[in-house]
Amino acid sequence: METQATSDKDYAKNNSYEEKLAKQKAIDDWLPITSSRNAKWWYSAFHNVTAMVGAGVLSLPYAMSELGWGPGVAVLVLSWIITLYTLWQMVEMHEMVPGKRFDRYHELGQYAFGEKLGLYIVVPQQLIVEVGVCIVYMVTGGRSLKKFHDTVCSTCKQIKLTYFIMIFASVHFVLSHLPNFNSISGVSLAAAVMSLSYSTIAWGASVAKGVQPDVQYGYKAKTAAGTVFNFFSALGDVAFAYAGHNVVLEIQATIPSTPEKPSKGPMWRGVIVAYIVVALCYFPVALIGYWMFGNSVQDNILVSLEKPAWLIGMANMFVVVHVIGSYQIYAMPVFDMMETVLVKKLNFRPTRTLRFIVRNFYVAFTMFVAITFPFFGGLLGFFGGFAFAPTTYFLPCIMWLAIYEPRKFGLSWWTNWICIIFGVFLMVLSPIGGLRQIILQAKDYKFYS
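Residues numbered from 1 in each chain as written. Predicted model: local features only at pLDDT ≥ 70, side-chain atom pairs only at ≥ 80, totals over all residues. Heavy atoms only, no water.

1. Things to note about the overall build of the chain
Scanning the chain from N- to C-terminus turns up 16 helices and 0 strands. The C-alpha radius of gyration of the chain comes to 23 Å, within 12% of the 22 Å expected for a compact globule of 449 residues. When the backbone C-alpha atoms are referred to their principal axes, the chain occupies close to 100 × 55 × 40 Å. Counting only contacts in the chain whose residues sit at least 6 apart along the sequence, the fraction spanning at least 24 positions is 84%. Approximately 20,500 Å² of the chain is accessible, and the part contributed by carbon and sulfur atoms is 69%. For the chain, the separation between the mean place of its 34 positive charges and that of its 25 negative charges on side chains is 7 Å. (Helix = DSSP H or I, 4+ residues; strand = E, 2+ residues; numbered from the N terminus. Rg over C-alpha atoms; globule rule 2.2 N^0.38 Å. Contact = heavy atoms within 4.5 Å. Areas by Shrake-Rupley, 256 points an atom, 1.4 Å probe, with all protein chains shown as cover. Lys, Arg positive; Asp, Glu negative; His and termini not counted. Charge placed at Lys NZ, Arg CZ, Asp CG, Glu CD.)

2. Details of the packing of aromatic side chains
Under the definition given, this model contains 16 aromatic pairs. Relative to Trp42, the ring of Trp41 has its centre 6.0 Å away and its plane inclined at 80°; by these criteria the two rings are edge-to-face. When its relative accessible area of 27% is taken as the criterion, Trp41 is described as partly exposed. Its relative accessible area of 41% is what places Trp42 among the partly exposed residues. Note on Phe409 and Trp414: the rings are 6.0 Å apart at their centroids and 45° apart in plane angle, and the pair reads as tilted. Across the ring face of Trp30, the terminal group of Arg355 is positioned such that the distance to the ring centre comes to 4.3 Å. (Phe/Tyr/Trp six-rings, centres within 6.5 Å; stacked < 30°, edge-to-face > 60°. Buried < 20%, exposed > 50% of the residue type's maximum accessible area, 1.4 Å probe, protein only. Lys NZ or Arg CZ within 6 Å of the ring centre and 35° of its normal.)

3. Quick word on the state of the cysteines
Among covalent bonds in proteins, the disulfide is the one between the sulfur atoms of two cysteines. Counted by the stated rule, this structure contains 1 disulfide. The disulfide partner of Cys153 is Cys156, and the S-S distance across this bridge is 1.5 Å. As the torsion about the S-S bond is roughly 65°, the Cys153-Cys156 disulfide counts as right-handed. In this structure Cys419 is not part of a disulfide, and its nearest cysteine sulfur, from Cys397, lies 4.2 Å away. Residue classification places Cys419 among the buried positions, given a relative accessible area of 4%. (Disulfide = S-S within 2.5 Å.)

Below is the structure:
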């Protein structure tokens, strides 16, 4: 009789465990990051281009004018190399434990630093970056729409920036209901093509305009302090131009993987293609833009170009399309976090209604902040310094050192420590420049203008 009772207990235990597993699998199949694992390598290429090439590329000539030729070129090239290295580390670490995949940045953090500490280190930084980028892209999208309107119809009645941001947000109230990364691959491809297009317009039109007659390459600021602060803030601008790492594991999670064919092969191929495209976008715009206009270049190179109107209007429309794609790429991990907490911690049922409410709330929130603080670019220089530099430049290196424990003073050890020192240097200096810019811009700012 007793053995009968024990076997019944075991059976019930097994059953409840299997039920738990099945429930867990059902939730994972519903969540945006883990629901679809059939992406091709080229998906990772254009997702990475969309995530990395921000509309910030248009402010690179301005950053160059604050850095000067030598330091400017050095920072551009160094950032390209270091971020490619840290991206490689993340692609490698995605499946370093046999049979397990780290589908999210914070899961890798928890493995490296422990369950609790990993969450506390990674999640706040990742959220600052992702939510911050979404808000900046709301402002950028609205601004580019306004520029398009003002360029194409210069005699029309002026419309407030607030309304343009609302028009831009209306697109996201629809697009954000696409369930996962693979379903936005069309949007992402269009965005990647657009980023290459407007970068080409920016440097092509600069070449056509030629070197300006009274061009100067010295520092613009009148005082030494001004020069130093501008230098710091430009460091921040360049650093944030390379910030696609916050979504890289989430992108890799969509690629199928088997022990014979791990996902890092196709992912790495995609990353290399993406980085070549990034170089084709960044280097010509930064160097040619600065070369043609010198230190009189505007903080958005398209403003310096002005004519021909149809071309500048078109470039602004391209920026809008690109920013639509980028917003979606950065919003997806946030949707995933919000939906995970609601379904796994607060035990909501994974339904369409839940998703509809959560995502609309997020889009409305980012729209409201963008309308209230359109000088958010400076804010990003400030907050971004605290979060962008770590997640992109040195968190991957610290995780690598913690997990793999390479030989002291060996090549790997030195490489990682150099990246960490460079990243900390950026993290400390760029918020200083960003804060000064906010103070200068906020002086003459009117709410909801």
